[in-house]
Amino acid sequence: MTKGVAVTTLVTGATGNTGRHVVAELVRRGERVRALTRDPAAAAGRLPAEVELVAGTHTAPGTLDAAFDGVHRLHVTVTTGLAEAGPELVRRAVDAGVRRITVVWGGWVGPAEQAVADSGVQWTRLEPQEFMSNTLAWIDSVRSEGVVREPYDFASALVHEADIGAVAAVALLEDGHAGRAYNLTGPESLTPRERIAVLSRAIGRDVTFVPITHEQAVDRLTATGVSRADAEYVVGWYAAPSEESTSVVDTVAQVTGRPARTFEQWVAEHAERFRTPDAAARYQP
């Protein structure tokens, strides 16, 4: 890096569930941030004004030469399509001068994650378990019927997306995190019924848990355009949760110096999205 030139961090998927929190945390720390997004015009209203917006997607790395110009740090969230493009993305980033990479895995160490680990530069892999934002999938049924339909009621140590962003920012900006794989969880492991109870209190409405079959859950996902193989993987994850997904760890606190955010905090931030106009009148505590 040329002396006196500020280091720029490129964040891919910058308006996504985790990417926007990475951007926000880096900006809060006074860093220069370039945000990669398919629609810069739409992103302009969702990201801090000082963020440099650039059009593109990390699944088409051959189009990103301009996006990599002057970038020394890179944050990647593994999404659909990156398994194939990930190795080229990492190679082009390193060739362009990127020297530190954080990557939010896709649930396992696939080609993109492995390419980061083999990149020859400093890297940190973030391995969050279930995102608290998965709860947003309940919005329609909660608003219209006051129910949540899920096939299983096993506990999950959900993590707040802002905590993922905070850990990513620390790993990008501070030494001591290279070559590390961080399992990230929230401070408690909750079943869907327990999460529903928290949500019910927050929105002032009784919400009921309605069990569905494994196949119904798979069909629900495929109806949204998800492949059957991916749908089976997702529903299977809930059917047989791993020890890592159910056990609380204090990685967020260890890395950031403050406790992980609770599910109750997450619900308070999003409660209005689950409410209906007459919800309070129907709620019986």
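The structure under discussion appears in the preceding block.
Position numbers for residues count from 1 along each chain, tracking the sequence in the order it is written. Only residues with pLDDT of at least 70 are given local features in this predicted model, and only at 80 or more are side-chain atom pairs given and counted; all residues enter the totals for whole chains, interfaces and linings. Note: side-chain values were computed over all heavy atoms of the structure, leaving out hydrogens and water.

Novice: Can you walk me through the layout of surface pockets in this structure?
Specialist: Vacant regions in the atomic arrangement are exposed by a probe of water-molecule size rolled over the atoms. Cavity and pocket criteria rest on a 1 Å grid covering protein atoms alone: a 1.4 Å probe that fits but cannot get out defines a cavity, protein on both sides within 12 Å along at least 5 of 7 lines defines an open pocket, and an atom within 4 Å of a point defines a lining residue. Grid points are joined across faces, edges and corners, and a volume is the space filled by probe spheres set on the points. When its volume is computed, the second largest pocket comes out at roughly 160 Å³. Among the elements of the structure, helix H1 (19–28) and helix H7 (161–173) are those that each provide at least two residues to the lining of the second largest pocket. It is H1 that contributes the most residues to the lining of the second largest pocket, four residues altogether. Looking at the lining of the second largest pocket residue by residue, the classes come out as four nonpolar, two polar and five charged. In this description a helix means any DSSP run of H or I spanning at least four residues, a strand means any run of E spanning at least two, and both kinds are numbered starting from the N terminus. Each residue is assigned to one class: nonpolar for Ala, Val, Leu, Ile, Met, Phe, Trp, Tyr, Cys and Pro, charged for Asp, Glu, Lys and Arg, and polar for all the others, Gly among them.

Novice: Please explain the pattern of salt bridges as it appears in this structure.
Specialist: Pairing between side chains of opposite charge can happen when the charged atoms of each approach one another. Salt bridges are identified by distance alone: a Lys or Arg side-chain nitrogen within 4 Å of an Asp or Glu carboxyl oxygen. Enumeration over the complete set of coordinates arrives at 19 salt bridges. Residue Glu25 is joined to Arg28 by a salt bridge in which the shortest nitrogen-to-oxygen separation is 2.6 Å. You can see Glu25 and its partner Arg28 sitting in helix H1, three residues apart, about one turn around the helix. Here the term buried applies to any residue with accessible area under 20% of the maximum for its type, exposed to any over 50%, and partly exposed to those in between, with areas from a 1.4 Å probe on protein chains only. Judged by its relative accessible area of 15%, Glu25 is buried. For Arg28, a relative accessible area of 60% gives the class exposed. Between Glu130 and Arg195 there is a salt bridge; the shortest N-O distance is 3.6 Å. Here the residue Glu130 occupies a position in the loop between strand S6 (122–128) and helix H6 (139–145), and Arg195 occupies one in helix H8 (residues 192–203), the gap between them amounting to 65 residues. With respect to burial, Glu130 and Arg195 carry one shared label: buried. One salt-bridge network, in which partners are shared between bridges, spans Glu25, Arg28, Arg29 and Glu174.

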